[in-house]
Amino acid sequence: MEEVKQQIQIDTVAGREVLDADRYLIQDGNYVFLNGNTVVRTVPIEDIVEEYDEAGEQTKGIITIFSRT
Amino acid sequence: MAMATPKFNLEKPAAGDLDWDVPLNRNFDQIDSALINVMGSQIGDPTYDLNLRSPALLNRVLRIKDGASTPNDLEIHQVWIPFFRSAGFSQPNLNGLLLGGFWVDKYQACQPLATATSRGGLTPNSPGAGVGAACKPHVVPWTDVSWNTARAALENRGGAANKSASGTPTPCTMYATGDHPKAEFLVDSVDHLVGRHVEIVQGGTTYFRRIIKAGKFGEAKYVRVFPELPATITTDDTYTIIGHHMITPYEWFSLAAWAMTFRYRHGLQYPKGNNDYGKDIGDPRAIEYEGLTDPVLAGDETHEKRRCLTGSGPLSWSLNGRADGVWDLNGNVWEWNFQQIVSDGVNLSIAPGYPGAGTIVTPPGTSGQRITAMYDADAPVDGLSLNPDICLPTGMSSGGSAEFGNDGCWWNLDAATYAADRGGRWSYGLSGGVWAVILTDVPTNTVNYRGFRGAF
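Residues numbered from 1 in each chain as written. Chains lettered and ligands numbered in written order. Predicted model: local features only at pLDDT ≥ 70, side-chain atom pairs only at ≥ 80, totals over all residues. Heavy atoms only, no water.

Draft legend 1. Seen up close, the overall build of chain B. For chain B, the count of helices and strands is four helices and 21 strands. For chain B, the residues scored as buried account for 57% of the 456 residues in total. The long-range share in chain B, meaning contacts at least 24 apart out of those at least 6 apart in sequence, stands at 70%. (Helix = DSSP H or I, 4+ residues; strand = E, 2+ residues; numbered from the N terminus. Buried < 20%, exposed > 50% of the residue type's maximum accessible area, 1.4 Å probe, protein only. Contact = heavy atoms within 4.5 Å.)

Draft legend 2. View of the interface of chain B and chain A. Contact with chain B, which involves 25 residues of that partner, is made by 20 residues of chain A. Both faces considered, chain B and chain A share a buried interface measuring about 1900 Å² in area, 44% of it formed by carbon and sulfur atoms. Broken down residue by residue, the surface that chain B buries against chain A is led by I281, R285 and E304 of chain B, which jointly contribute 27%. Joining chain B to chain A, the criterion identifies zero salt bridges. The residue makeup of the side of chain B that touches chain A, split by class, is nine nonpolar, eight polar and eight charged. (Buried area = accessible area lost by both parts, 1.4 Å probe. Salt bridge = Lys/Arg side-chain N within 4 Å of Asp/Glu carboxyl O. Nonpolar A, V, L, I, M, F, W, Y, C, P; charged D, E, K, R; others polar.)

Draft legend 3. Focus on the domain arrangement of chain B. Residue and element names in this part refer to chain B. If you check the domain split of chain B, you get domain 1 (58–161 + 243–344 + 419–429 + 437–456) and domain 2 (164–242). Here the C-alpha centre of domain 2 lies 29 Å away from the C-alpha centre of domain 1. Contact residues are listed per partner, giving 13 residues for domain 1 and 10 residues for domain 2. In total, about 970 Å² of surface goes out of reach between domain 1 and domain 2, with carbon and sulfur atoms giving 56% of it. Put simply, domain 1 and domain 2 have one salt bridge between them. Residue E199 is joined to R151 by a salt bridge in which the shortest nitrogen-to-oxygen separation is 2.6 Å. Taken together, the links from domain 1 to domain 2 amount to three residue pairs in polar contact (both at pLDDT 80 or more). (Domains from an automatic or database assignment. Polar contact = N/O pair within 3.5 Å; in protein donor to acceptor, adjacent residues only side chain to side chain.)

Draft legend 4. Highlighting the packing of aromatic side chains. Residues and elements named next belong to chain B. Throughout the structure, instances matching the rule amount to 26 aromatic pairs over all chains. An angle of 20° between the planes, with centres 4.9 Å apart, marks the rings of Y264 and Y270 as stacked. Stacked on the ring of Y250, the Lys or Arg R210 has its end atom at 3.7 Å from the ring centre. (Phe/Tyr/Trp six-rings, centres within 6.5 Å; stacked < 30°, edge-to-face > 60°. Lys NZ or Arg CZ within 6 Å of the ring centre and 35° of its normal.)

Draft legend 5. Molecular detail of the sheet that holds strand β11 (residues 238–242) of chain B. Residues and elements named next belong to chain B. Taken together, the six strands give an open sheet; going across it, the order is β6-β11-β8-β9-β10-β7, and neighbouring strands pair in antiparallel fashion. Edge positions in the sheet fall to β6 (170–171) and β7 (184–186), since each of these pairs with one other strand and no more. Relative to β11, β6 runs antiparallel, the two being bridged by two bridges. Each bridged residue has a counterpart across the sheet, and for T170 the counterpart in β11 is Y239. (Pairing = 2+ DSSP bridges.)

Draft legend 6. Local environment of the nonpolar core. Residue and element names in this part refer to chain B. The biggest cluster of nonpolar side chains holds 63 residues, and the ones touching the most others in it are I81, F253, L255, L319, W435 and F452. When residues in this core are grouped by element, the largest group, nine residues, is from helix α3 (residues 249–262). For W435, the contacting residues outside a window of four places in its chain are F89, F253, A256, A257, Y270, I371, M374, E403, F404, G405, D407 and G408. Judged by nonpolar contacts, the second largest core, of 15 residues, contains F185, V198, Y207 and I233. (Core = buried A, V, L, I, M, F, W, Y, C linked by side-chain atoms within 4.5 Å.)

Draft legend 7. The side chain of D441 of chain B, seen in detail. Residue and element names in this part refer to chain B. Mapped onto the elements, D441 comes out in strand β19 (residues 433–441). Within the local environment of D441, its side chain forms a polar contact with the side chain of R450, the two groups lying 2.8 Å apart. Not counting residues up to four positions away in its chain, the partners in contact with D441 are W336, Y418, A419, D421 and R450.

Draft legend 8. Layout of the sheet that holds strand β4 (residues 30–35) of chain A. All names here are of chain A. Sheet architecture is open: three strands sit in the order β3-β4-β5, paired in antiparallel fashion. Two strands close off the open sheet at either side, each with one partner strand: β3 (23–27) and β5 (38–44). Recorded for the sheet is a direction-independent mean angle of 25° between the axes of neighbouring strands. Strand direction decides the pairing type here: β3 and β4, joined by five bridges, are antiparallel. Looking across to β4, one finds that L25 is bridged to V32. (Axes fitted to C-alpha atoms, helices over the stretch in contact; angles between N-to-C directions.)

See the structure below:
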């Protein structure tokens, strides 16, 4: 089984998910999350819920929670 | 005779087959594509082909002293941004702007003795009187520094020689025969023309301006600034011209607009950078896309990398996609800009003395959204406009606009004075980039994810 190199946590109106994904882009009104060249999830932009704390740290939204090479 | 082994194994280009029955120049596009594929494969970056066609930029390395009592030797790498006219924006007032015309630090600033393993031995926010900032590749960037300390470290470059009359304000001489009485004056000596950044004190307020012209037919002491001052410049006013200084919004806008004019509008990408824990959020997680770890702030429990050494990423992290470009404008650490913003609790406006002072610049929408439009209220005349001097968003949405890199903007309406920082840091993902700006930090703030950059 291929080791996970990166995980991205997303907060949507439906709740929190953790994706095995190492990159994302914006395409046709959606966030497209990929693992390498494989699309693992597509989420409408307006479905992502973002929050920042007083220090400017993002607490909700799209956050890379794990990464290694 | 045996065929020679080809140096490169050219595969059939995707753009189409070579047709050997037509003149060679008709095959240039196909040959170009094939060579680009080879070059891309050599560095392991399939986007490298996008970088090959960007213009080269002139570089220089200064070796000067600072103003410390025991002067430090400063190594400063800089890139010349030539004058150019902006093009490619969907907002007409952002096109045709006369931009560039300055040297900018090639990398984020560092302490004089910074290395790949050490910040350089000085306390970041109290380095000592007169200490100047260096700018070197593959070293620990100078972070944890306030706006005022960063400004001083840059203006300390070259010691007293960095400012006209060693920093002593000098009365302006009126230029009686000019057409711009609020923008023109004569300096006391041509020796005072040490740079392109000037402070003019008029009526008790210090105005920060850029010099757009020095010298004129028959008058070598002539100076014209932009934007003009509130009143005619007289001998009651004083000037201090400064060489090395903190990057201004005009200069930052010039870099972003350079990327638009010479890259984005031709289908190339904006500069990438360390906005995803050592790599760009658009690249896969692989070593060839990563910068080198800054050991002073290495990874944490869940990430192998956070901050990177200056200029240590792939070529795609450079302004022009080449080794001779300006590095790390996207991510790694936020960079203080020479711009302050005041909030009265309701609105943000440009602080007194800065270009566009008093202009309401409260972005629409919600802090943290992405940019869809930039300030464009001042129609350019002969290429001159306040738009690049303000360099703040006027349109925001959840997804933003690819034209502005889907970059983000953050602000705070609590009554205070804030200093702008631009570019992003290692964790801001697609929101980081050359258009990204954050207006939530008071000038005294010091954090490990903010540094600075000089210009001249």
